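Given next are the chains, with one letter for each unit.
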Amino acid sequence: MHLSTEQKSQRSPVLVGLMGSGKSSIGRRLAKYLKIPLLDLDDYIVEKDGRSIPEIFEQDGEAFFRQLETACLREVLGKDAVIATGGGVVLSEENRQLLKAHPPVVWLKASPDFLAGRIHGDRNRPLIAGGEALADTLKKIEDLADARYPLYQQCADYTLPRGDMKKPEALNAIIVFLTHWKEQQ
Ligand code: S3P
């Protein structure tokens, strides 16, 4: 595919991964480094709909949220911004095709153990809300990881193994990837 210089500069990284993997926080640092805005898909949805994510899930259900998510994904992809997506964005084939058409996609891969401690008790995340014990959250994340890892894998141009990696180190690894990736386009 031949792209003009302008089109190349518009190719912006899209971050995917499970809840709590750092898409928004690492995305914010990356956006600052690249001197482009951060576009957080969940924030975009909330702004567009006028309700919080838990309210949308509670009042209209997950299927409605997913429709909104796809519509919003279509609107934000291609913008000159770092795009931080919600953890479930890879669930639909339609979204996966959209993501593949807008590389580079970076998967922040983190283990359920790492994630459970970070997001346990977060009331803003309806899919893991409700469990009182950390073990309940861990089980939910493990189930999500089983279902979604292969989907993130399908979409990713680069997989960042979060592991124990601190945020500055993670940012650095993404910048190294992006530099190589851009050179190859
Ligand atoms: C979801 C993740 C959330 C949000 C919604 C559903 C998911 O985003 O989109 O609660 O299905 O994993 P974060 O990954 O930013 O928490």
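Residues numbered from 1 in each chain as written. Predicted model: local features only at pLDDT ≥ 70, side-chain atom pairs only at ≥ 80, totals over all residues.

Engineer: Please set out the environment of Cys-155 residue by residue, giving values where relevant.
Structural biologist: Along the chain, Cys-155 falls in helix H7 (residues 134-155). Along the primary structure Cys-155 and Gly-20 are separated by 135 residues, whereas in three dimensions their C-alpha atoms are 19 Å apart. If near-sequence neighbours (up to four positions away) are discounted, Cys-155 is found in contact with Val-16, Val-90, Arg-96, Leu-99, Lys-100 and Val-105. (Helix = DSSP H or I, 4+ residues; strand = E, 2+ residues; numbered from the N terminus. Contact = placed C-beta atoms within 7 Å.)

Engineer: How would you explain the site of the ligand if you had to name every residue and give the values?
Structural biologist: The environment of the ligand is formed by Met-19, Lys-23, Asp-42, Ile-53, Gly-86, Gly-87, Gly-88, Arg-125, Pro-126 and Leu-127. Looking at the shell around the ligand residue by residue, the classes come out as 4 nonpolar, 3 polar and 3 charged. (Near = placed C-beta within 6 Å. Nonpolar A, V, L, I, M, F, W, Y, C, P; charged D, E, K, R; others polar.)

Engineer: Tell me about the nonpolar core, and please be specific about residues and values.
Structural biologist: One broad trend across soluble globular proteins is that nonpolar side chains are buried collectively. Grouped together as the largest cluster of nonpolar side chains are 41 residues, with contacts concentrated most on Leu-15, Val-16 and Val-82. When residues no more than four places from it in sequence are discounted, the contact partners of Val-16 are Thr-85, Val-89, Val-90, Val-105, Trp-107, Tyr-152, Cys-155 and Ala-156. (Core = buried A, V, L, I, M, F, W, Y, C linked by C-beta atoms within 7 Å. Buried ≥ 20, exposed ≤ 12 C-beta atoms within 10 Å, placed from the backbone.)

Engineer: Talk me through the packing of helix H2 (residues 23-34) against helix H8 (residues 167-184); I want residue IDs and the actual numbers.
Structural biologist: How two helices sit against one another is set out by the angle between their axes and by the gap between those axes. For the pair H2 and H8, interaxial distance at closest approach is 10 Å and the crossing angle is 55°. Taken together, the axes of H2 and H8 lie oblique to each other. Where H2 crosses over H8, the two elements pack in a sense that is right-handed. Residue-level contacts link Ser-25, Ile-26, Arg-29, Leu-30 and Tyr-33 of H2 to Lys-167, Ala-170, Leu-171, Ile-174 and Ile-175 of H8. Partitioning the contact of H2 with H8 into residue classes produces 7 nonpolar, 1 polar and 2 charged. (Axes fitted to C-alpha atoms, helices over the stretch in contact; angles between N-to-C directions. Parallel < 35°, antiparallel > 145°, perpendicular 65-115°, else oblique. Left-handed = near helix turned anticlockwise from the far one by under 90°.)

Engineer: Requested: an account of helix H6 (residues 112-119), with residues and values cited.
Structural biologist: Three- or four-residue spacings in an α-helix give side chains the same orientation, since the helix completes a turn every 3.6 residues. Those residues of H6 lying buried are Leu-115, Ala-116 and Ile-119. Down the axis of H6, the smallest arc covering the buried residues is 105°, so these residues share one side. Residues of H6 that are exposed and point over 90 degrees away from its buried face: Asp-113 and Gly-117. Summarising the contacts, the buried residues of H6 are in contact with H7. Just past H6, the residue Gly-121 takes up positive phi, approximately 85°. (Arc of directions from axis to C-beta.)

Engineer: Residue-level account of the pairing of strand E4 (residues 105-109), with values.
Structural biologist: Counting buried positions along E4 yields 5 of 5 residues, so the element is predominantly enclosed. Taking every second residue as pointing to the same face, both faces of E4 are buried, with Val-105, Trp-107 and Lys-109 on one and Val-106 and Leu-108 on the other. Two elements, strand E1 (residues 14-16) and E4, share 3 bridges in a ladder whose sense is parallel. Across the sheet, Val-16 pairs through a bridge with Trp-107, a residue of E4. As paired strands, E4 and strand E5 (residues 158-161) are joined by 4 bridges and run parallel to one another. For Val-106, the partnering residue across the bridge sits in E5 and is Tyr-158. (Pairing = 2+ DSSP bridges.)

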